[in-house]
Amino acid sequence: MLRTGDEYLNSLRDGRQVYVGGALIEDVASHRGFGGSARTVARLYDRTSSDPSLAYIEPETGEKTNLNFLRPRSGEDLALRRQLHTAWADVSNGLFGRSPDHVAAMVTGMACRPEVTGNDQYAANLLNYWRHIRDNDLYLSFAVLPPAGSKSGRSSEVQNAMRVIETSDAGVTVRGFKMLATGGALCHEILVGNAQPLRPGDEAVAVSFGIAANHPGVKILARKPYAAHAVSKIDDPLADFDESDAAVYFDDVLVPWDRIFVLDDPKASYGLFVETPAHTLGNAQAHIRLLAKMRFMIATAKRLGDALDFTGNPAVQGVFGGLAARIKMLEAAVLAQEARPEQWDHGYVSQDRQFMYATSNWSMEYFSEFSTEMRRMLASHAFQQPADVSAFDNDYSRKLFLELNRTDDFDDALERYRLVRLMWAMIGSELASRNTQYELFYAGPPHVTRSRMFNAFDWDSVETRVDEFLAQTANDQIHGDAADEA
Ligand SMILES: Cc1cc2nc3c(=O)[nH]c(=O)nc-3n(C[C@H](O)[C@H](O)[C@H](O)COP(=O)(O)OP(=O)(O)OC[C@H]3O[C@@H](n4cnc5c(N)ncnc54)[C@H](O)[C@@H]3O)c2cc1C
């Protein structure tokens, strides 16, 4: 099926247990803090259900299916997947990070190589799970990190880390915390597992499964939803793009056997992400989305510069040129990833892993600098404007607002005000600050993302050159030609 926006909004009224502080939210779809973001996700579903170019015919069912679930077999398939990620990123201009095409893309990657589970039954469970989310066009988030205290020792030694406490004929019972489900309040399903390496001895926490967000015992503990504090759509123009983040507590949750993908296996639990196309297909979304966001940010800065009369300055143009160069490099990196598809078993392909990890490392490190350049552009302008739109209701403050903007044309002044607010919403607001943190950490901490690059890099191809050089020069005299001439 191709889910529509209305179907998505209705599906959220499913008895899920979302807490904001001490409040249990009865209906996220109509809650002030989550409703706008839920409507953004609905717009994504309306976008795919109304555009045939964003669907494919799934060979297993003969049904029109969201391109996000296409298991790619060629560079052309990767380009189709990019089309979907681009269409969804454009809905929010890249400002809604964890859209439904991130985690579900990872499960699609896992379904290309389910044997990584190391167990025929679990492999079948994983494939059936992919079929379930595919055929119902579901929104997944994931919680694949242990809570604090697990980093210097073993995850399994941290008392409150989610672990298996019992197995029975009915399934596997788990208890404890998993971090940090972005979109947890808004999704249908949560993928639970380990996206950071585990070690032998971590068996108790080495469990992977997919669970419905409304499954009994699943508690979604959301951070503060910024939209709940929005003054107006003009003052907080991005309030509808706060995707939410949540710690997930498993209060003795019974996971049925047919939802278990890995049990007691540290290597396979991590392997689901790195020994399948999961990481590559999922991170393609992240990079395509970031490209849309950087394009939108630089365009807003340019329009602001035009309105405030600083874009004409050659030094400012130089700054813009440097930022534009980075955007084009990211675009090139996205295209390079699919230009040389990486071959996997069973005829499936993914984007090239080396280019993908390189793009991840670079973008996670660079985005903060990009954002800081934007702050330099904005300087004090966010604070020169009135506090909020109530200034337009008072005759005197409205007159001063026009005078400040040197115009009698209210619409002209309002556009300037809106540009300043939009820029601040992207770089200075509480949501912007959270989003910068997201760009830094969404794929894991730097030491882990760098180690993935280290592991993926084709060392042979460069070390061969050193061997060749040493072989070619092996018979050279120690003091070389200069010594002979002397
Ligand atoms: C906005 C946001 C959204 C997120 N969304 C999700 C999500 O949807 N699903 C999910 O599972 N996770 C998500 N994460 C979690 C993300 O994967 C983690 O933030 C990341 O793995 C780091 O873990 P931590 O936050 O527990 O920090 P810690 O591991 O406690 O690290 C704290 C600091 O110490 C450094 N550090 C720790 N250990 C080492 C070491 N061995 N060597 C060098 N430096 C080290 C880290 O780099 C970091 O700077 C999200 C994070 C953020 C900020």
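It should be emphasised that the depicted structure is a prediction, and the values quoted were computed from it without experimental measurement.

1. Details of helix H15 (residues 459-472)
Given 3.6 residues per turn, any residue in an α-helix points the same way as the ones three and four places further on.
Consideration 1: The terminal C-alpha atoms of H15 lie 20 Å apart, and with 14 residues this matches the ideal 20 Å at 1.5 Å per residue to within 8%.
Consideration 2: In terms of burial, H15 is a largely surface element, 0 of the 14 residues being buried.

2. Looking at the packing of aromatic side chains
Consideration 1: Taken as a whole and assessed by the stated rule, the structure comprises 19 aromatic pairs.
Consideration 2: Taking the centre distance of 6.5 Å and the plane angle of 45 degrees together, the rings of Tyr8 and Tyr139 count as tilted. Of the two residues, Tyr8 is situated in helix H1 (residues 5-11) and Tyr139 in the loop between helix H5 (120-135) and strand S5 (140-143); the sequence distance between them amounts to 131 residues. Neither Tyr8 nor Tyr139 differs from the other in exposure class; each is buried.
Consideration 3: When the centroid spacing of 5.4 Å and the interplanar angle of 50 degrees are considered together, the rings of Phe454 and Trp459 count as tilted.
Consideration 4: Here the aromatic residues Tyr8, Tyr45, Trp88 and Tyr139 are joined through ring pairs into a cluster of three or more.
Consideration 5: Of note, Arg73 hangs over the ring of Tyr348, and the distance from its end group to the ring centre comes to 4.3 Å.
Consideration 6: The ring of Trp130 has Arg134 lying over it, and the distance from NZ or CZ to the ring centre is 4.6 Å.

3. Examining the environment of Thr449
Consideration 1: For Thr449, the position within the fold is in helix H14 (residues 446-456).
Consideration 2: Separated by 88 residues in sequence, Thr449 and Asn361 have C-alpha atoms that sit 6.3 Å apart.
Consideration 3: Those residues in contact with Thr449 that lie beyond four places of it in its chain are Asn361, Met364, Ala443 and Gly444.
Consideration 4: Separated by 3.1 Å, the side chain of Thr449 and the backbone oxygen of Pro446 make a polar contact.

4. Points about the domain arrangement of the protein
Consideration 1: Domains assigned within the protein are domain 1 (5-274) and domain 2 (278-460).
Consideration 2: The three residues of domain 1 that bury the most area against domain 2 are Arg73, Leu78 and Ile234, which together make up 15% of that side's buried surface.
Consideration 3: Between domain 1 and domain 2 we count 6 salt bridges in total.
Consideration 4: Glu430 is the salt-bridge partner of Lys224, the closest N and O atoms lying 3.1 Å from each other.
Consideration 5: Linking domain 1 to domain 2 there are 23 residue pairs in polar contact (both at pLDDT 80 or more).
Consideration 6: Of all elements in the fold, only helix H3 (75-92), helix H4 (103-110) and helix H6 (266-274) reach the threshold of two or more residues within the side of domain 1 that touches domain 2.
Consideration 7: In terms of residue count, the dominant contributor to the side of domain 1 that touches domain 2 is H3 (9 residues).

5. As for the packing of H4 against H5
Consideration 1: Their axes nearest at 9 Å, the elements H4 and H5 cross at an angle of 140 degrees. If you check the angle between H4 and H5, you find them oblique. In this structure, H4 meets H5 at a crossing whose hand is left-handed. Here Ala104, Val107, Thr108 and Met110 of H4 come into contact with H5, specifically with Leu126, Tyr129, Trp130 and Ile133.

6. Examining a nonpolar patch on the surface
Consideration 1: A contiguous nonpolar patch, built from Phe454, Phe457, Trp459 and Val462 and spanning about 360 Å² of accessible area, is present on the exposed surface.
Consideration 2: Among the structural elements, Val462 can be located in helix H15.
Consideration 3: Val462 gets classed as partly exposed once you look at its relative accessible area, which sits at 36%.

7. Here's the deal with the side chain of Asn194
Consideration 1: Position of Asn194 among the secondary structure elements: in the loop between strand S8 (189-192) and strand S9 (208-212).
Consideration 2: With relative accessibility at 3%, the residue Asn194 sits in the buried group.
Consideration 3: Among the polar contacts made by the side chain of Asn194, one reaches the main-chain carbonyl oxygen of Val205 at a distance of 3.1 Å.
Consideration 4: A polar atom in the side chain of Asn194 sits 2.9 Å from the side chain of Ser269.
Consideration 5: Not counting the four nearest positions on each side in its chain, Asn194 is found in contact with Val144, Lys178, Val205, Ala206, Val207, Ser269, Tyr270 and Phe273.

8. Some points on helix H8 (residues 314-339)
Consideration 1: The end-to-end C-alpha separation of H8 is 36 Å, in line with the 38 Å expected for 26 residues at 1.5 Å each.
Consideration 2: Residues Val316, Phe320, Leu323, Ile327, Leu330, Val334, Gln337 and Glu338 constitute the buried set of H8.
Consideration 3: The inward-facing, buried residues of H8 abut H3, helix H7 (278-308) and helix H9 (353-378).
Consideration 4: For H8, the capping residue at the N-terminal end is Asn313, with a side-chain oxygen 2.7 Å from the backbone nitrogen of Ala315.

9. Some details on the packing of H4 against H7
Consideration 1: Relative orientation of the contacting elements H4 and H7 amounts to 155 degrees, with a least axis distance of 7 Å. The pairing of H4 with H7 is recorded here as roughly antiparallel in orientation. Note on packing geometry: the crossing formed by H4 with H7 is right-handed. On H7, the residues touching Ala105, Met106, Thr108, Gly109 and Met110 of H4 are Ala278, His279, Leu281 and Gly282.
Consideration 2: The class makeup of the residues in the contact of H4 with H7 is 5 nonpolar, 4 polar and no charged.

10. Points about the pairing of strand S11 (residues 246-256)
Consideration 1: Note: strand S7 (residues 171-178) against S11, 7 bridges, orientation antiparallel. By the bridge assignment, Gly176 is partnered in S11 with Phe250.
Consideration 2: Looking at chain direction, strand S10 (residues 218-222) and S11 are connected through 5 bridges and run antiparallel. Paired with Ala222 across the two strands is Ala246, which belongs to S11.

11. Points about the sheet that holds strand S12 (residues 260-262)
Consideration 1: If you trace the 4 strands from one edge of the open sheet to the other, you get S5-S8-S9-S12, paired in mixed fashion. What marks the edges here is a single partner per strand, and that holds for S5 and S12. Across the sheet, the mean angle from the axis of one strand to that of its neighbour is 25 degrees, orientation sign disregarded.
Consideration 2: Sheet topology note: the S9/S12 ladder contains 2 bridges and is antiparallel. Residue pairing for S12: Ser208 is matched across the bridge by Val262.
Consideration 3: Docked against the sheet, H5 engages S5, S8, S9 and S12, running at close to 125 degrees with respect to S12.
Consideration 4: Across the sheet, H6 touches S5, S8, S9 and S12, and the angle it forms with S12 is around 95 degrees.

Criteria and thresholds
Residues numbered from 1 in each chain as written. Predicted model: local features only at pLDDT ≥ 70, side-chain atom pairs only at ≥ 80, totals over all residues. Heavy atoms only, no water. Helix = DSSP H or I, 4+ residues; strand = E, 2+ residues; numbered from the N terminus. Expected span 1.5 Å × (residues − 1). Buried < 20%, exposed > 50% of the residue type's maximum accessible area, 1.4 Å probe, protein only. Phe/Tyr/Trp six-rings, centres within 6.5 Å; stacked < 30°, edge-to-face > 60°. Lys NZ or Arg CZ within 6 Å of the ring centre and 35° of its normal. Contact = heavy atoms within 4.5 Å. Polar contact = N/O pair within 3.5 Å; in protein donor to acceptor, adjacent residues only side chain to side chain. Domains from an automatic or database assignment. Buried area = accessible area lost by both parts, 1.4 Å probe. Salt bridge = Lys/Arg side-chain N within 4 Å of Asp/Glu carboxyl O. Axes fitted to C-alpha atoms, helices over the stretch in contact; angles between N-to-C directions. Parallel < 35°, antiparallel > 145°, perpendicular 65-115°, else oblique. Left-handed = near helix turned anticlockwise from the far one by under 90°. Patch = residues over 30% accessible without salt bridge, like charges linked within 9 Å, V, L, I, M, F, W, Y side chains within 5 Å. Areas by Shrake-Rupley, 256 points an atom, 1.4 Å probe, with all protein chains shown as cover. Nonpolar A, V, L, I, M, F, W, Y, C, P; charged D, E, K, R; others polar. Pairing = 2+ DSSP bridges.

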